[in-house]
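Residue-level listing of the chains:
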Amino acid sequence: MTLRVVVADDQALVRTGFRMIIDARDDLTVVGEASDGGEAVRLTRELEPDVVLMDVRMPGVDGIEATRRIAECGSRARVLVLTTWDVDAHVVAALRAGASGFLLKDMRPGELVDAIRLTARGDALLAPAVLSRVLDRFLRTTPDQAPPPSLRELSGREREVLTLIGQALSNAEIAGRLRVSEATVKNHVTAVLRKLGLRDRVQAVVAAYDHGLVQPRHL
């Protein structure tokens, strides 16, 4: 299956570079380019891509607001935010808006390709240590956040799994902790995402922090 990608960046040279890297792969193709957030939202609705590469800083509608609009319109597209800083408050704002991860703009071509594939699968893009560092440092400092989804529909076991996801554990690690099979954990993770209306594992980590299931370490 070929993964469909929309590239959103206000610099034409950057968009061209990303297109060349992506289109060189047999399983990836760029189906649209946007120079601002409003255009990115429109193209996402029209083209239904699998992944949107979204620059944070763009004129008019910025990448964070565009990400929020894409998430709110019910698109299946996952947003991969592009930033020039490895730890930035904009990253968490983007995650809260519905992004599935972030990448530094100076990444290698192979890292970009791998990130698109991972994001399309719904896997956590960030390494656990990096994800924990970003969330620990910024998640409780971003103002005006939307209320987190209710946990009332989760079973006790599903709540436990959400807590462990929030600790950035993999399915294998969760299975070992709970003494169950990885297949069982995968089923629980799927149920958690469905019941909470979350699009992927990164969003589940944010929800776990928002509900206080995981406490920041104040790194």
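Refer to the structure printed above.
These notes cover the structure that comes with them. Fair warning: this is a prediction, and the values are worked out from it, not measured in the lab.

## Focus: the pairing of strand 2 (residues 28–34)
Then comes step 1: As paired elements, strand 1 (residues 3–8) and strand 2 share 6 bridges and run parallel to each other. Bridging across to strand 2, Val5 finds its partner in Val30.
Then comes step 2: Assessed by its sense of winding, the connection that carries the chain from strand 1 through helix 1 (residues 12–23) to strand 2 is right-handed.

## Re the pattern of salt bridges
Then comes step 1: Following the criterion strictly, the structure yields 14 salt bridges and no others.
Then comes step 2: Its salt-bridge partner being Arg19, residue Asp23 comes within 3.4 Å of it at the nearest N-O pair. You can see Asp23 and its partner Arg19 sitting in helix 1, 4 residues apart, about one turn around the helix.
Then comes step 3: On the basis of relative accessibility, which here comes to 35%, the residue Asp23 falls in the partly exposed class.
Then comes step 4: With a closest N to O distance of 3.6 Å, Arg108 and Glu111 form a salt bridge.
Then comes step 5: Relative accessible area serves as the criterion here: at 59%, Arg108 is assigned to the exposed category.
Then comes step 6: Accessibility expressed as a relative area gives 37% for Glu111, which makes it partly exposed.
Then comes step 7: Among the charged side chains, a salt-bridge network with shared partners connects Arg15, Arg19, Asp23 and Glu33.

## Remarks on unusual backbone geometry
Then comes step 1: With a phi angle near 50 degrees, Glu48 is a residue other than glycine that sits in the positive phi range.
Then comes step 2: Relative to the helices and strands, Glu48 resides in the loop between helix 2 (37–47) and strand 3 (51–55).
Then comes step 3: Its identity as a non-glycine residue notwithstanding, Arg179 has a phi of 60 degrees, on the positive side.
Then comes step 4: Mapped onto the elements of the fold, Arg179 is located in the loop between helix 8 (171–178) and helix 9 (182–196).

## What about the side chain of Asp200?
Then comes step 1: Mapped onto the elements, Asp200 comes out in the loop between helix 9 and helix 10 (201–210).
Then comes step 2: By relative accessible area, Asp200 is classed as buried at 1%.
Then comes step 3: Side-chain polar atoms of Asp200 contact the side chain of Ser100, separated by 2.2 Å.

Calculation rules
Residues numbered from 1 in each chain as written. Predicted model: local features only at pLDDT ≥ 70, side-chain atom pairs only at ≥ 80, totals over all residues. Heavy atoms only, no water. Pairing = 2+ DSSP bridges. Helix = DSSP H or I, 4+ residues; strand = E, 2+ residues; numbered from the N terminus. Right-handed = clockwise from strand over helix to strand, strands pointing away. Salt bridge = Lys/Arg side-chain N within 4 Å of Asp/Glu carboxyl O. Buried < 20%, exposed > 50% of the residue type's maximum accessible area, 1.4 Å probe, protein only. Polar contact = N/O pair within 3.5 Å; in protein donor to acceptor, adjacent residues only side chain to side chain.

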